[in-house]
Amino acid sequence: MPKAAARISTSIPVSSASQSSDSSDTTQFVTVALFSGIGLLISLVAVIFGIQGVWS
């Protein structure tokens, strides 16, 4: 029984690939969020000031 408990309690090493993937995903999310936020801000300013674009 102690051998089984020792096998269960051993830690599993985490590969560096998953850690770099997490930071890459976060970086991509931040980039998309900033791009979307800037676009929404520009659209809001255009609507508030009544600027007519090509779509009007």
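Computed from a prediction, not measured in an experiment: that's the story for all the values here.

How each quantity is defined
- Residues numbered from 1 in each chain as written.
- Predicted model: local features only at pLDDT ≥ 70, side-chain atom pairs only at ≥ 80, totals over all residues.
- Heavy atoms only, no water.
- Helix = DSSP H or I, 4+ residues; strand = E, 2+ residues; numbered from the N terminus.
- Buried < 20%, exposed > 50% of the residue type's maximum accessible area, 1.4 Å probe, protein only.
- Areas by Shrake-Rupley, 256 points an atom, 1.4 Å probe, with all protein chains shown as cover.
- Patch = residues over 30% accessible without salt bridge, like charges linked within 9 Å, V, L, I, M, F, W, Y side chains within 5 Å.
- Salt bridge = Lys/Arg side-chain N within 4 Å of Asp/Glu carboxyl O.

Caption draft 1: Spatial organisation of the overall build of the chain. For the chain, the helix and strand inventory stands at two helices and zero strands. Residue burial in the chain is summarised as follows: out of 56 residues, 2% are buried. Accessible surface, the chain as shown: approximately 5300 Å² in total, 71% of it carbon and sulfur.

Caption draft 2: Representation of a nonpolar patch on the surface. Taken together, Leu-41, Leu-44, Val-45, Ile-48, Phe-49 and Ile-51 make up a surface patch of nonpolar side chains, about 640 Å² in accessible area. Here Leu-41 shows up in helix α2 (residues 16-49).

As far as function goes, none of this settles anything; it's purely spatial.
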